[in-house]
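Close look at the chain arrangement
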Amino acid sequence: MKSAVETLNPTRVRLTVEVPFEELKPSLDAAYKKINQQVTVKGFRQGKIPARVIDQRFGRGAVLEEAVNDALPKFYTEAVNEGELNVLGQPEVDITELKDGELLAFTAEVDIRPTLEIPDYSGIEVEVDAVEVSDEDVEKAVEQLRERFASTSVVERAAAEGDVVTIDLQAKVDGEVLEDGVAEGVSYTIGSGELLDGIDDAVKGLEAGGEATFTSELKGGSAAGKEAEVTVKVTEVKAKELPGLDDDFAQLASEFDTLDELKDDSRKRLEQTKKYDQATQAQEKVLEELLKLVEVPIPEKLLADEIETRKHNLVNHQLGQMGLDLAKYLEFQGKTEEEFDAETKEQAEKGIRTQFVLDELVNKEKLNVSQEELTEHLMRRAQSSGMSPDQFAQAVVEGGQVPMLVGEVARGKALAVVVEAATVKDTNGEVVDLDDEDETAETVQAVEDATAEAAEAKDEQAEDETKA
């Protein structure tokens with residue numbers, strides 16, 4: 001077999017392959033055997049029909065077609081390996097010559113990963129938010145904890161802000177009660193903003209047994225986005241009582257003996273959260289700067305497939321679960337379809353460029369993924385998917401997705417290397433040390449999670465690239 005590679009553009013090549021006919025013999029034998037098992041000829045037992053009889057009865061062309069279909073994947077793969085190509089997706093194959101007994105020639109056009117040059121990235125500088133926890137932040141955290149331990153008691157008075165009311169709801173659109181527009185025994189805290197717009201004003205001032213009607217735009221269900229006439233009836237009013245802000249509360253709500261100890265712990269937790277946010281912000285900004293340094297050509301078909309996959313997942317999964325279609329979603333977002341398409345394309349391009357650049361960094365830095373790192377990542381992915389680790393691992397293996405997960409972890413490590421090499425300063429002008437092992441781990445985890453989200457949005461595309 002002879003093969004040659006012609007570069008059509010930075011992301012697409014044409015393979016020209018010539019195969020001497022004798023190299024087709026295994027596929028020809030397999031073709032005769034397959035046809036033998038599928039046909040019957042009077043005077044011959046099934047499976048024992050001579051090749052010349054098959055040629056006479058069914059035509060040599062049918063045998064050649066079967067043989068070529070069997071042989072093409074093998075010769076194509078050999079040509080790809082010979083050319084040391086990193087292909088993406090399926091090739092467009094054209095048989096240019098087929099001479100019985102002499103030659104098979106074909107061309108295959110296919111997208112490839114572009115060759116990238118990663119420049120020195122040690123000069124990257126970014127600014128992130130400073131880790132600052134104010135007394136007000138701590139007080140707010142403690143107040144939220146008090147809310148969790150609040151008690152309620154039934155009161156014989158009109159409902160007021162902060163009260164917990166039990167309500168029955170009925171929604172009508174165009175005078176008709178919706179099938180999914182009736183709810184009874186709903187518990188609602190006035191002022192929480194967790195239900196419909198306008199409900200707070202409707203229930204304030206109502207005692208148990210009172211009802212009111214208001215108009216509101218439905219946020220979900222069969223009539224999402226439509227104006228509805230909503231009737232709300234209050235069946236019970238409860239006053240919320242917060243525990244005292246003292247040492248007894250600290251002992252009730254935590255393992256600490258004093259309120260001061262609880263506040264100190266709250267401050268430490270807030271600092272850790274802000275450090276994680278800071279690490280995440282650092283990796284996002286460093287990635288932006290890194291992408292500016294690298295010229296990344298994108299295969300047109302890969303981009304088109306990525307855009308289509310993102311739109312499909314949004315419309316059929318995310319919006320479908322909320323009872324919305326794309327038109328209503330765009331109305332809520334205040335966007336035109338053209339603006340949505342432009343944003344989707346921009347996001348798709350960034351996702352592809354990110355994956356290409358980080359994969360190149362994995363190779364350049366010779367990064368490997370340990371079994372422990374893969375297991376930790378699998379555990380996090382399982383938790384976010386709502387599956388048990390065993391269920392998620394089984395699904396990953398059965399779906400052939402292990403290489404995809406390895407890629408996610410490797411790309412996370414690649415970006416962590418760049419972040420560590422970059423200069424990161426906070427808004428106070430202080431250099432942020434991200435060489436700390438815990439913070440580096442947080443950076444790796446943050447980019448792993450971000451890469452995982454992108455992978456979930458384009459599972460099929462990721463599978464193709466992994467196989468390639």
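Residues numbered from 1 in each chain as written. Predicted model: local features only at pLDDT ≥ 70, side-chain atom pairs only at ≥ 80, totals over all residues. Heavy atoms only, no water.

Here we come to the environment of I167. Mapped onto the elements of the fold, I167 is located in strand β7 (residues 164-173). With 65 residues separating them in the primary sequence, I167 and V232 have C-alpha atoms 6.5 Å apart. Excluding residues that lie within four positions of it along the chain, I167 makes contacts with A183, E184, G185, V186, Y188, L195, I199, V232, K233, V234 and T235. (Helix = DSSP H or I, 4+ residues; strand = E, 2+ residues; numbered from the N terminus. Contact = heavy atoms within 4.5 Å.)

Alignment of strand β1 (residues 2-9) against strand β2 (residues 12-20), held across seven bridges, turns out to be antiparallel. The residue bridging E6 from the neighbouring strand is R14, located in β2. What sits between β1 and β2 in their antiparallel hairpin is a turn of two residues. (Pairing = 2+ DSSP bridges.)

Attention now moves to the packing of helix α11 (residues 371-385) against helix α12 (residues 389-398). Direction vectors running N to C along α11 and α12 enclose 105°, while the axes themselves pass 9 Å from each other. When the axis of α11 is compared with that of α12, the two are roughly perpendicular. Residues L378, M379, R381, A382 and S385 of α11 touch α12, and the partners they reach there are P389, F392 and A393. Grouping the amino acids of the contact of α11 with α12 by side-chain chemistry returns six nonpolar, one polar and one charged. (Axes fitted to C-alpha atoms, helices over the stretch in contact; angles between N-to-C directions. Parallel < 35°, antiparallel > 145°, perpendicular 65-115°, else oblique. Nonpolar A, V, L, I, M, F, W, Y, C, P; charged D, E, K, R; others polar.)

Glancing now at the sheet that holds β1. Spatially, the four strands line up as an open sheet ordered β1-β2-β4-β3, and their pairing is antiparallel. On the outer flanks of this sheet lie β1 and β3 (87-99), each paired with one strand and no other. On average, each strand axis in the sheet is inclined to that of its neighbour by 20°, with strand direction left out of account. In this structure, β2 lies alongside strand β4 (residues 103-112), joined through nine bridges in antiparallel fashion. For R12, the partnering residue across the bridge sits in β4 and is D111.

As annotated by UniProt and renumbered to match this structure, "domain: PPIase FKBP-type" (unreviewed entry) occupies residues 162-215. From the first C-alpha to the last, residues 162-215 spans 22 Å; its make-up is 9% helix and 54% strand. (UniProt positions renumbered as here; feature names shortened; annotations may be inferred.)

On the surface, D246, D247, D248, D257, D260, E261 and D264 cluster together into a negatively charged patch. Elements with a minimum of two residues in the negative patch: α6 (247-253) and α7 (259-293). In terms of residue count, α7 provides more of the negative patch than any other element does, three residues in total. (Patch = residues over 30% accessible without salt bridge, like charges linked within 9 Å, V, L, I, M, F, W, Y side chains within 5 Å. Areas by Shrake-Rupley, 256 points an atom, 1.4 Å probe, with all protein chains shown as cover. Salt bridge = Lys/Arg side-chain N within 4 Å of Asp/Glu carboxyl O. Lys, Arg positive; Asp, Glu negative; His and termini not counted. Charge placed at Lys NZ, Arg CZ, Asp CG, Glu CD.)

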